[in-house]
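Below, each chain spelled out in residue letters.
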Amino acid sequence: MKLYWATLSPFVRKVMIVAHEVGHADKLILANTAVGMTKPNAVLMEDNPLNKIPTLLLDDGTALYDSRTICEFLDANFGGGRFFPSGPARWDALQRQSLGDGLMDALLLWRQERLKVVERQTPELLDAFALKTATTLAQLEAKADALAKTPFDIGQVTLGCMLSYLDLRFADLRWRDGRPGLAQWHAGFAQRPSAEATKPNPPPA
């Protein structure tokens, strides 16, 4: 199986963490793939017309995307349903996954806006992204104790990747300030072997 991949993508990291956790990471052929909002990748688009990573190409030629689908495929085939539990726990896990995915989407757009020259930035967008981020983090801090008691599922994987992406691209926000419970939970996440193995290594400035 081939995974269209990039080391700094939080959505790719999410897939790779699950792959490591279910013991299938070494079975994936990683294809380093550059994508951009204004620079479609012709090779990737043959398998994923949305021009997004991660995309998993199965041995029979079937393409799976996005990270949610790929993670569930890996868990169903190699993880025994560990990351996508049944019953009420499933909805909790999926809700956390949606929250983490949603904020990661917002962070990617926020970063694009912040990279513009100041004269071309839209202040209302910047304020909206900042509010969404602060509100999400406040809610997670309020639920940090419950999060620490929850088995490691797809929701935890996604939230861990989201917080790590804040470290990578938004260090100036200092998200740990005033959020000791969430910071402690993330420290535990970062110590997992799967998180260590997938830690992004940004190029030197």
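These lines cover the structure that appears in this document, whether it is placed above or below. These numbers were taken from a predicted model, which means no experiment stands behind them.

## Regarding the overall build of the chain
No. 1: Looking only at helices and strands, the chain features nine helices and four strands.
No. 2: Along its sequence from the N terminus, the chain presents helices and strands in the succession β-α-β-α-β-β-α-α-α-α-α-α-α.
No. 3: Computed over its C-alpha atoms, the radius of gyration of the chain comes to 17 Å, within 12% of the 17 Å expected for a compact globule of 205 residues.
No. 4: Based on the C-alpha atoms only, the size of the chain along its principal axes is roughly 45 × 40 × 30 Å.
No. 5: Looking at the 205 residues of the chain, the share that counts as buried comes to 44%.
No. 6: Summarising the internal contacts of the chain: among those between residues at least 6 apart in sequence, 66% fall at separations of at least 24.

## Quick notes on the environment of leucine 115
No. 1: Checked against the element boundaries, leucine 115 lands in helix H4 (residues 88-115).
No. 2: Sequence separation of leucine 115 and histidine 24 is 91 residues, and the distance between their C-alpha atoms is 36 Å.

## Some points on the packing of aromatic side chains
No. 1: According to the stated counting rule, one finds seven aromatic pairs in the structure shown.
No. 2: Taken together, a centroid distance of 6.3 Å and an interplanar angle of 40° make the contact between phenylalanine 152 and phenylalanine 189 tilted. Taken together, the residues phenylalanine 152 in the loop between helix H6 (144-148) and helix H7 (154-169) and phenylalanine 189 in helix H8 (residues 180-190) connect sequence positions 37 residues apart.
No. 3: Phenylalanine 189 gets classed as buried once you look at its relative accessible area, which sits at 2%.
No. 4: Ring pairs connect the aromatic residues Phe83, Phe152, Trp185 and Phe189, which therefore count as one cluster.
No. 5: A cation sits over an aromatic face here: arginine 114 above tryptophan 110, 5.4 Å from the ring centre.
No. 6: Its end group placed over the ring of phenylalanine 152, arginine 192 keeps NZ or CZ at 3.8 Å from the ring centre.

## Observations regarding the pairing of strand E1 (residues 2-5)
No. 1: Bridging between E1 and strand E2 (residues 29-32) involves four bridges; their strand directions are parallel. Bridging from a neighbouring strand, lysine 2 pairs with isoleucine 29 of E2.
No. 2: Tracing the backbone out of E1, into helix H1 (residues 10-21) and back to the parallel element E2 gives a crossover that is right-handed.
No. 3: Bridge analysis of E1 against strand E3 (residues 55-57) gives three bridges, and the strand direction is antiparallel. Within E3, the position partnered with lysine 2 by the bridge is leucine 57.

## Side note on the packing of H1 against H4
When two helices pack together, their arrangement is given by the angle between their axes and by how far apart the axes lie.
No. 1: Packing of H1 against H4 leaves a shortest axis separation of 10 Å and a crossing angle of 145°. On H4, the residues touching Pro10, Phe11 and Lys14 of H1 are Gln97, Asp101, Met104, Asp105 and Leu108.
No. 2: Partitioned by chemical class, the residues of the contact of H1 with H4 number four nonpolar, one polar and three charged.

## Side note on helix H5 (residues 123-142)
No. 1: Its 20 residues place the ends of H5 29 Å apart at the C-alpha level, agreeing with the 28 Å of an ideal helix rising 1.5 Å per residue.
No. 2: Leu126, Phe129, Thr133, Thr136, Leu137 and Leu140 are the residues of H5 that are buried. The arc enclosing the buried residues of H5, seen along the axis, measures out at 105°, which places them on a common side. Opposite the packed face of H5, turned more than 90 degrees from it, sit the exposed residues Glu124, Asp127, Leu131 and Ala142.

## Quick word on the pattern of salt bridges
No. 1: Under the criterion given, the structure shown has eleven salt bridges.
No. 2: The residue lysine 27 makes a salt bridge to aspartate 26 at a minimum N-O spacing of 3.3 Å.
No. 3: The exposure class of lysine 27 is partly exposed, given its relative accessible area of 46%.
No. 4: With its nearest N and O atoms 2.9 Å apart, the salt bridge here joins aspartate 101 to arginine 68. Linking aspartate 101 in helix H4 with arginine 68 in helix H3 (residues 67-79), this pair joins segments that are 33 residues apart in sequence.
No. 5: Note on aspartate 101: relative accessible area 3%, which makes it buried.

The rules we used
Residues numbered from 1 in each chain as written. Predicted model: local features only at pLDDT ≥ 70, side-chain atom pairs only at ≥ 80, totals over all residues. Heavy atoms only, no water. Helix = DSSP H or I, 4+ residues; strand = E, 2+ residues; numbered from the N terminus. Rg over C-alpha atoms; globule rule 2.2 N^0.38 Å. Buried < 20%, exposed > 50% of the residue type's maximum accessible area, 1.4 Å probe, protein only. Contact = heavy atoms within 4.5 Å. Phe/Tyr/Trp six-rings, centres within 6.5 Å; stacked < 30°, edge-to-face > 60°. Lys NZ or Arg CZ within 6 Å of the ring centre and 35° of its normal. Pairing = 2+ DSSP bridges. Right-handed = clockwise from strand over helix to strand, strands pointing away. Axes fitted to C-alpha atoms, helices over the stretch in contact; angles between N-to-C directions. Nonpolar A, V, L, I, M, F, W, Y, C, P; charged D, E, K, R; others polar. Expected span 1.5 Å × (residues − 1). Arc of directions from axis to C-beta. Salt bridge = Lys/Arg side-chain N within 4 Å of Asp/Glu carboxyl O.

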